[in-house]
Amino acid sequence: MKLLVCISKAPDTTSKIDFTDNNTKFNEAGVQFIVNPYDEWYALVRAIELKEQNGGSVTTITVGTQADEPVIRKALAIGADNAVRVDAEANDAYSTAFQIAEYAKSNGFDIVFTGKETINYNGSQVGGMIAEILDQPFVSLATKLDMNGNTATLHQEIVGGDEVVEVNTPFVVSAAKGMAEQRIPNMRGIMAARTKPLEVIPAADCQPLVSFESYELPPAKSECKYLDADNVAELVNLLHNEAKVI
Amino acid sequence: MSVLVYIDTLNGKIAKNALEAVQYGSKIGDTTVVTNGNISDSALQVLGGVGAKKVLVNKNLKSNDASQVAKLVKAAAEATGADTIVFSSDLTGKAVAPRVSASLKAGLVSGAIGLPEGDGSVKVNVFSGKAFGKVTVNTDKKVIALTPNAVGVVEGEGTAPVEAFDAEVGQSSITVKEVKRQEGDVLLPEAELVVSAGRGLKGPENWGMVEDLAKALGAATACSRPVADIGWRPHHEHVGQTGVAIRPNLYIAAGISGAIQHLAGVNGSKVIVVINTDPEAPFFKAADYGIVGDAFDVLPKLTAEIEKLKAQN
């Protein structure tokens, strides 16, 4: 099975979020970048497990600049066989999906994996867009994926519950919590990742459909109002009369 | 402006986030709603009251297959000449909106939390709720996916005719083997009130007091990641960065320290109440009201006080 896993870089979950250039750019100073957790913990690890069970290969693809390469090496250290970097800034979800779909079209994968969303843009867009461009089925927010020959059985979150679905390859899936357990790369993996192939390919021509104009931080939270554990009645009074939420 | 709003009514009900999306659309322009599945015409009557001018329903398509629903939405957009297509950013919206956007090459704004402003930009949640972004769409047609519980709903008097809508949606390549829907309980993603607890509760056998409080309030229950990971509570209750992100009006957290990853899933809540024995718990910094105390002591008292309040009203 040929598996393609989309990898995005994201600021570490504990990063301080602020902006520069008149609030038009994320301030990367001092920020540690990681593999977007949904891409890593769920999508990539499940793809590697499937390869271990059924044979085949796991390729990662990232739309990004040279600055993304440490994150790509991390994905290789976890166990991907080779990586592709489309040499372009990831401007918006559509142009990112377009680049990935272009590569997938000419290389024929059985499954394209994405994480459910990135933790910086939270868009949940790229997977569905790749599926549309490739004209393939899209299983979104899958929490379980098992293969039997060319048929996949997936558990998928739906409005108000979940469902079990079957789909034949090729298809696109977005991975949510539950699909796999995080893997910490070992020293052998980290050493091997240094020499695994990382191919840089030029970007195809595509204009972004949307632009981020500016960013702002939420207004500072007002001070917490402390109440005594013996005065729960006052809390209920405040929730009812002051906050008016009950 | 002509607006088309897609809502998922497959379970035969119209969820609050669907009403929000319809009202949101009606504030942008003349709004037609499109939906599919086993929804009765009488249930759809409510949509006129939140601003819809017309409702198109395809009862033959009883699937949430993103490919088929996208084809239905595109056909409806063509039939109505819509220049803006609105989804609720619920589980179906997240699957379908990107397909519609890519197919029409219409820019998709996802995670919208406000109406388009004068310059056409839309405010969205980014960095898992730790910041907002302003997004502009570079194409004539737009797709907007609205964050649930970001805008209020006011029900009015309007009515909207319901019409059957036929569309060529093709065959699904996805076979549904089993559907499990939660019944009865308040669903977490659309709950206005949420009671949540973490490791401070010491074991799954102590969740009765969390459920009692939730029941008294009419709230949904939720939990922190460690609690879901060790199997005390089901995964669908896990709120946080890697679980469900929620924006209820009231979030009560008992025995949860408030790691930054947990906050990322709840920082859109309007009011946060934190109950923790540790006065240094980071969650207090994000709280509106705090009680330094033992959940085992405070939760039952809180339930009794809520019941008292409900009895008075």
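Refer to the structure above for everything that follows.
In this report, the structure presented in the accompanying data block is examined. Note on numbering: residues in each chain are counted from 1, in written sequence order. Both sets of labels track the order of writing: A upward for chains, 1 upward for ligands. The predicted nature of this model means local features are confined to residues of pLDDT at least 70 and side-chain atom pairs, given and counted, to a pLDDT of 80 or more, with totals for whole chains, interfaces and linings taken over all residues. With hydrogens and water stripped out, all remaining heavy atoms of the structure feed into the side-chain values.

### Side note on the packing of helix α4 (residues 66-80) of chain B against helix α5 (residues 91-104) of chain B
Residues and elements named next belong to chain B.
Consideration 1: In contact at an axis separation of 9 Å, α4 and α5 are set at 55° when each is read in the N-to-C sense. In terms of their interaxial angle, α4 and α5 are classed as oblique. At the point where α4 passes α5, the crossing takes the right-handed sense. Taking contact as the criterion, the partners of Ala66, Ser67, Val69, Ala70, Val73 and Lys74 in α4 are, on α5, Ala95, Val96, Arg99, Val100, Ser103 and Leu104.
Consideration 2: The residue inventory of the contact of α4 with α5, partitioned by class, reads eight nonpolar, two polar and two charged. Orientation is described by lines fitted to C-alpha atoms, with helices fitted over the stretch in contact, and by angles between N-to-C directions that extend from 0 to 180 degrees. Helix and strand definitions here come from DSSP, where helices need a minimum of 4 consecutive H or I residues and strands a minimum of 2 consecutive E residues; each element is numbered from the N-terminal end. We call two directions roughly parallel when the angle between them is under 35 degrees, roughly antiparallel when it is over 145, roughly perpendicular when it lies between 65 and 115, and oblique otherwise. Whether a crossing is left-handed or right-handed is set by the direction in which the near helix is turned from the far one by less than a right angle, anticlockwise for left-handed and clockwise for right-handed. Any pair of residues with heavy atoms lying within 4.5 Å of one another is described as a contacting pair. Basically, the charged four are Asp, Glu, Lys and Arg, the nonpolar ten are Ala, Val, Leu, Ile, Met, Phe, Trp, Tyr, Cys and Pro, and anything else, Gly included, counts as polar.

### Looking at the interface of chain B and chain A
Often, the extent of an interface is quoted as the loss of accessible area on bringing the components together.
Consideration 1: Between chain B and chain A, the contact holds 84 residues from the first and 76 residues from the second.
Consideration 2: Carbon and sulfur atoms supply 59% of the area that chain B and chain A bury against each other, a total of about 6,900 Å² over both sides.
Consideration 3: A per-residue breakdown of the area chain B buries against chain A is headed by Arg99(B), Phe127(B) and Tyr289(B), which together make up 12% of the total.
Consideration 4: Throughout this description, the term salt bridge denotes a Lys or Arg side-chain nitrogen within 4 Å of a carboxyl oxygen of Asp or Glu. Inspection of the chain B/chain A interface yields seven salt bridges.
Consideration 5: Taking the shortest distance from any N to any O, the salt bridge between Lys74(B) and Glu132(A) comes out at 3.8 Å.
Consideration 6: By the criterion applied in these results, polar contacts are pairs of N or O atoms within 3.5 Å in which, for protein atoms, one can donate a hydrogen and the other can accept it, and in which residues neighboring in sequence qualify only through two side-chain atoms. The tally of links from chain B across to chain A stands at 34 residue pairs in polar contact (both at pLDDT 80 or more).
Consideration 7: At nine residues, α5(B) tops the list of elements feeding residues into the side of chain B that touches chain A.
Consideration 8: In terms of residue class, the side of chain B that touches chain A is made up of 36 nonpolar, 27 polar and 21 charged.
Consideration 9: Summarising the sheet, strand β11 (residues 161-168) of chain A and strand β10 (residues 174-181) of chain B pair through seven bridges and their orientation is antiparallel. Note that in β10(B) the partner of Val164(A) across the bridge is Glu178(B). Buried area is understood as the total, over both parts, of accessible area removed when two parts are fitted together, assessed with a 1.4 Å probe. By definition, two strands form a pair when at least two bridges between them are found by DSSP.

### With respect to the pattern of salt bridges
Residue and element names in this part refer to chain A.
Consideration 1: For the structure shown, the criterion picks out 29 salt bridges over all chains.
Consideration 2: For the salt bridge of Arg46 with Glu49, the shortest nitrogen-to-oxygen distance reads 2.6 Å. On the criterion of helical spacing, the pair formed by Arg46 and Glu49 is a turn pair, its members being three residues apart in helix α1 (residues 37-54). The same class applies to Arg46 as to Glu49, namely buried.
Consideration 3: The shortest N-O distance in the salt bridge between Arg85 and Glu69 comes to 2.9 Å. Taken as a pair, Arg85 in strand β7 (residues 82-87) and Glu69 in helix α2 (residues 69-78) lie far apart in primary sequence, 16 residues in all.
Consideration 4: By relative accessible area, which is 5% here, Arg85 ends up buried.
Consideration 5: Assessed through its relative accessible area of 19%, Glu69 is described here as buried. Residue burial is assigned from relative accessible area. The probe radius is 1.4 Å, only protein chains are included, and a residue is buried under 20% of its type maximum, exposed over 50%, and partly exposed in between.

### Overview of a nonpolar patch on the surface
All names here are of chain A.
Consideration 1: Each patch is built from residues that are more than 30% exposed by relative accessible area and take part in no salt bridge. Like charges join if they lie within 9 Å; nonpolar side chains (Val, Leu, Ile, Met, Phe, Trp, Tyr) join within 5 Å. All accessible areas in this document rest on Shrake-Rupley with a 1.4 Å probe, and a residue is counted as covered only by the protein chains that are shown. The grouping of Met187, Ile190 and Met191 at the surface amounts to a nonpolar patch, some 290 Å² of accessible area in total.
Consideration 2: Mapping Met191 onto the fold places it in helix α5 (residues 187-195).
Consideration 3: The class for Met191 is partly exposed, based on a relative accessible area of 43%.

### What to know about α2(A)
Residue and element names in this part refer to chain A.
Consideration 1: Taken across its 10 residues, α2 has seven buried, putting it largely inside the fold.
Consideration 2: Within the span of α2, buried status applies to Glu69, Val71, Ile72, Ala75, Leu76, Ala77 and Ile78.
Consideration 3: In the stretch just after α2, Gly79 is the one whose phi turns positive, near 145°.

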